[in-house]
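# An overview of the molecular structure
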Amino acid sequence: EQMKYGLLVLPVNEAHRIVSRLGKDATLQFEDDNVRDMKRPYRKHIQRIDEMERILRFLVAEISAIEGCDIVKNKVDEFLRFEDAYTLEGVESELQSLYKTFMKFKENNMNLTNERNQAVEEAEVVAVAKGMLASSGGTPDFMVDDESFEASAKKPLVESEGGAGTGRLGYLAGVVPKVDEARFARALWRAARGNTFAQFTPISQTVKDPKTGVEVQKSVFVVYFQGAGGPMQQKVMKVCQAFGVNMYNWPVSADQAAVKLVQLQKVVMEKDAALKGFSDFMRSEAQDLLTPPSHNSQGNSKMEEWRLFCIKEKAIYNILNLCSGEIALRVNVWYPASEESKIIALLQKLNEGSQQGAFLTNEKQVKSVAPTYIRVNDFTEGWQEVIDTYGIPKYQEANPALLSVVTFPFIFGMMYGDVGHGTLLFLAGLWLCKNAEALRFTQPTLFMVRYMVVSLGFFAIYAGFMYNDFFSVGLQLFDSRWKEVGGGNYEPDYDVKNSGGRGPYPFGLDWAWHGSNNELLYVNSLKMKLSVLFGVLQMTVGVFLRWGNAFYEKNMTDFVCECVPMMIFMLCFFGWMDVMILYKWVHPIDNPPSIINSLICMAMGQKDLFPLWDGSVELAQTLMMYTVCAVPIMLLPKPLILLYQHNQSKKAGEGAFVAIEEHASNNHGHGEEFEFGEVFIHQVIETIEFVLGTVSHTASYLRIWALSLAHQQLSLVFFQKTITMGLEMSFPLNGIVIYLMFGAWFGITLAVLLGMDVLECFLHTLRLHWVEFQSKFYKAEGLKFAPFSVKKLLTPQDE
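The following refers to the structure shown. (Residues numbered from 1 in each chain as written. Predicted model: local features only at pLDDT ≥ 70, side-chain atom pairs only at ≥ 80, totals over all residues. Heavy atoms only, no water.)

Read from one edge to the other, the open sheet built from 4 strands follows the order 2-9-1-10, with strand pairing classed as antiparallel. The open sheet has two free edges, formed respectively by strand 2 (29–30) and strand 10 (359–362), since each of these has just one partner strand. Inspection of the sheet shows strand 2 paired to strand 9 (residues 328–336) by 2 bridges, in the antiparallel sense. Within the sheet, the bridge partner assigned to Gln-29 lies in strand 9 and is Trp-334. Sheet strands touched by helix 1 (residues 15–25): strand 1 (3–11) and strand 9. Its angle to strand 1, the strand with the most contacts, is close to 150°. Relative to the sheet, helix 10 (residues 340–350) contacts strand 1, strand 9 and strand 10, its axis offset from that of strand 10 by approximately 150°. (Pairing = 2+ DSSP bridges. Helix = DSSP H or I, 4+ residues; strand = E, 2+ residues; numbered from the N terminus. Contact = heavy atoms within 4.5 Å. Axes fitted to C-alpha atoms, helices over the stretch in contact; angles between N-to-C directions.)

Below, the structure is given as structure tokens:
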């Protein structure tokens, strides 16, 4: 798309409304006019919105923790229809009020949960004490029923002569998290040097952490030690404090424990009822936020509407921060030339009824590099994304995606060619297309690639018919052109001399080749030559696209000194190789020459004893001479021409800092001082890269044959080792085995051939396009056009 650079002037009091409308109905990329001064006049608005978004995240977290509360999302179009129903001040006021309310709710919930947890834990401690006291036969003789735990703990275990206790048994009880149980026991053992005994009993029910709401497993512990109230008790207390465990009083008798347990169970029931009532109240309060607003009953939840509103408002104020000026805001914009009249008409419509209006003028002095804008539709979006992942095209540079829409799935099909597997892939693509709307917001990536999967499956089916492969089985679509002559030998049943008799197999590979002894030898030769043919063809197209770039830039130096010799080098050697392959296919020769030997003789200057036709050897030698001469033309003239242009510029008074036409495109320009040595070395690298790269890239296209061979052989092995084994068995065992083996075969096919192999073929095809094809013309040094679009900002994207 041709782009234009303009100046957009906005009245301050109407700027927000106009930018909002431009984000919906226009295609404009805003430039930062405050990048030097770093003035951000609307930063306070953005800070307010940041706080609103923080509150929304808090509310979402709180409501998501409530069971049965689902937020209605992804209705962007419905929100945009009624976006004017919200104001920043109104939404901010509601959110702050809700935040205060929910903070009180959360604090009350924490208090209730904490009180309930304490009651549960103490009840568990009392229950353990009741069991231990009942089993021991009552209260020990050193305890008195009416004594408290503190008083009885201070009495000595053995009375001394003076009546003072020196050896009384002490104990402490509480609750510790189960994950800390082992560490707590070790800490007690080390602190007391083995003079304590700890007993743990798991709690039957879990308790919730009041802060996080996560359920925690805990255990009741009882620690026995010598010397109640003495130094040992202090050590045990310090360990308990370090671990933050909850400690509770230990009953002095089984009867006291039973009474206390009943009281605590009653408290737990009261707290459970209070928590349930609080949960119901929270659910009713949250329901108001989950229902659509009154003005849009088919829209998102109210909370989601507020979130989308915050995203939109923040984006608008970010755009306004790019503007300069006080009375009237000014900002430079890029926009498609084809939409200029539409943008002007929209601004005129927005100016109706206002004293000051917005307007757009063309700016002659361009301050930034023109961005690249490529219009895409649902079908081409995925392919363009594949190209953009490598790099963005320069402004008005040839876009590889235009051809990759066809070449990418075609080469993938050559690697993956199988009618059965291609059909499964094609059906997967159709399923994605059928469920596109359901995937639009939930799985944006699958939504984008749905047509890509359909294309890959279609061309895999086409190549499968060409290879005559259906799950490694040949399809007898037509009568074979080979007939058996006995002994397992076949002879052609068609006119091999091309003298007017019966023709060969009508379409694709003859099914008679499947299962033959020399199948691999023949099929490998066929696929290898097909790979080279299409590889050289694609690289030649890449060089032609380089011509197009040179014509557009009006760069005759690049065209004459690079494009023409590159094409000569490509066609005179590798193009001649393709001609020999095709000639051997369509012309019967009694003693056909080896193409590899012929190319070696051509490159080494040796005499070829097996010419394709009379005069072919002389033609090959002439083409080789052109191929060799193309290399110095690529290497020498261009640096000398750039040096001459530089000297002429200096004589004309332009100084040492010049922007030479092609020189700038090779990253030596941009106002840098011209250095002939650097330019020459760069050209040497470019020449070597193309010459050697063309050879290696041609060999790299043999990966098409390699991947196709691997796919066909894997499919054959899986079929033979599963279904074929069942077919070879006798009845009725064969039916059972086929039934079981079909499941195994289908599972392996899905995992390996429809999973790993699809990914492998896709990555190799991606490599052929990014390296072998695009390296011939594609610089990928552009900047992507990023227009301000409210809908795109609100649409969820995969991270």
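For the rest of this paragraph, the subject is a nonpolar patch on the surface. On the surface, Tyr-462, Met-466, Leu-477, Phe-478 and Phe-507 cluster together into a nonpolar patch covering about 430 Å² of accessible area. Looking at the element boundaries, Phe-507 is found in the loop between strand 12 (489–492) and helix 17 (519–553). (Patch = residues over 30% accessible without salt bridge, like charges linked within 9 Å, V, L, I, M, F, W, Y side chains within 5 Å. Areas by Shrake-Rupley, 256 points an atom, 1.4 Å probe, with all protein chains shown as cover. Salt bridge = Lys/Arg side-chain N within 4 Å of Asp/Glu carboxyl O.)

Since there are 3.6 residues in each turn of an α-helix, residues three or four apart along the chain are aligned in direction. Relative to the 54 Å expected for 37 residues at 1.5 Å per residue, helix 8 (residues 254–290) spans 52 Å between its end C-alpha atoms, a close match to the ideal helical length. Here helix 8 has its buried residues at Ala-257, Leu-261, Leu-264, Val-268, Lys-271, Leu-275, Phe-278, Met-282, Ala-286, Leu-289 and Leu-290. (Expected span 1.5 Å × (residues − 1). Buried < 20%, exposed > 50% of the residue type's maximum accessible area, 1.4 Å probe, protein only.)

Here the focus is the environment of Tyr-335. In this structure, Tyr-335 sits in strand 9. It is 9.7 Å that separates the C-alpha atoms of Tyr-335 and Ala-370, two residues lying 35 residues apart in sequence. Not counting residues within four places of it along the chain, the set of residues in contact with Tyr-335 comprises Gln-2, Met-3, Lys-4, Tyr-5, Gly-6, Thr-27, Leu-28, Glu-340, Ile-343, Leu-360, Asn-362 and Phe-785. Engagement of the side chain of Tyr-335 in a polar contact is seen with the side chain of Asn-362, the distance being 2.8 Å. (Polar contact = N/O pair within 3.5 Å; in protein donor to acceptor, adjacent residues only side chain to side chain.)

Applying the stated criterion across every chain yields a total of 36 salt bridges. A salt bridge links Lys-4 to Glu-340; the shortest N-O distance between them is 2.7 Å. Highlighted residues: Lys-4 in strand 1 and Glu-340 in helix 10, separated in sequence by 336 residues. Under the relative-accessibility criterion, Lys-4 is labelled partly exposed at 26%. Across the pair Arg-307 and Glu-304 runs a salt bridge, and its minimum N-O distance is 2.8 Å. Of the two residues, Arg-307 and Glu-304 both sit in helix 9 (residues 302–320), 3 residues apart, roughly one turn of that helix. A cluster of three or more residues bridged by salt bridges with shared partners is formed by Lys-24, Glu-83, Lys-312 and Glu-313.

Take the sheet that holds strand 8 (residues 246–248) next. If you walk across this open sheet you meet the 4 strands as 4-7-3-8, and the pairing is antiparallel. Taken across any chain shown, the strands that pair with only one partner, and hence form the sheet edges, are strand 4 (196–202) and strand 8. Ignoring which end each strand starts from, the neighbouring axes of this sheet average 25° apart. As paired strands, strand 3 (residues 169–177) and strand 7 (residues 218–226) are joined by 9 bridges and run antiparallel to one another. Opposite Leu-172, over in strand 7, you have Val-223 as the bridge partner. On top of the sheet, helix 6 (residues 181–192) reaches strand 3, strand 4 and strand 7; it is set at about 170° to strand 4, its chief contact.

Moving on, we come to unusual backbone geometry. Phi is positive for Gln-396, close to 70°, though the residue is something other than glycine. Of note, Gln-396 is situated in the loop between helix 11 (381–390) and helix 12 (401–416). Judged by its relative accessible area of 30%, Gln-396 is partly exposed. Non-glycine residue Lys-554 carries a positive phi angle of around 55°. Residue position: Lys-554 is located in the loop between helix 17 and helix 18 (556–586).

Attention shifts here to the packing of helix 2 (residues 43–64) against helix 9. Where helix 2 contacts helix 9, the two axes come as close as 10 Å, and the packing angle between them is 160°. If you check the angle between helix 2 and helix 9, you find them roughly antiparallel. In this structure, helix 2 crosses over helix 9, and the sense of that crossing is left-handed. For the pair formed by helix 2 and helix 9, the contact residues are His-45, Ile-46, Ile-49, Asp-50, Met-52, Glu-53, Leu-56, Leu-59, Val-60 and Ile-63 on the first element and Met-303, Trp-306, Arg-307, Cys-310, Ile-311, Glu-313, Lys-314, Tyr-317 and Asn-318 on the second. Grouping the constituent residues of the contact of helix 2 with helix 9 by class yields 12 nonpolar, 2 polar and 5 charged. (Parallel < 35°, antiparallel > 145°, perpendicular 65-115°, else oblique. Left-handed = near helix turned anticlockwise from the far one by under 90°. Nonpolar A, V, L, I, M, F, W, Y, C, P; charged D, E, K, R; others polar.)

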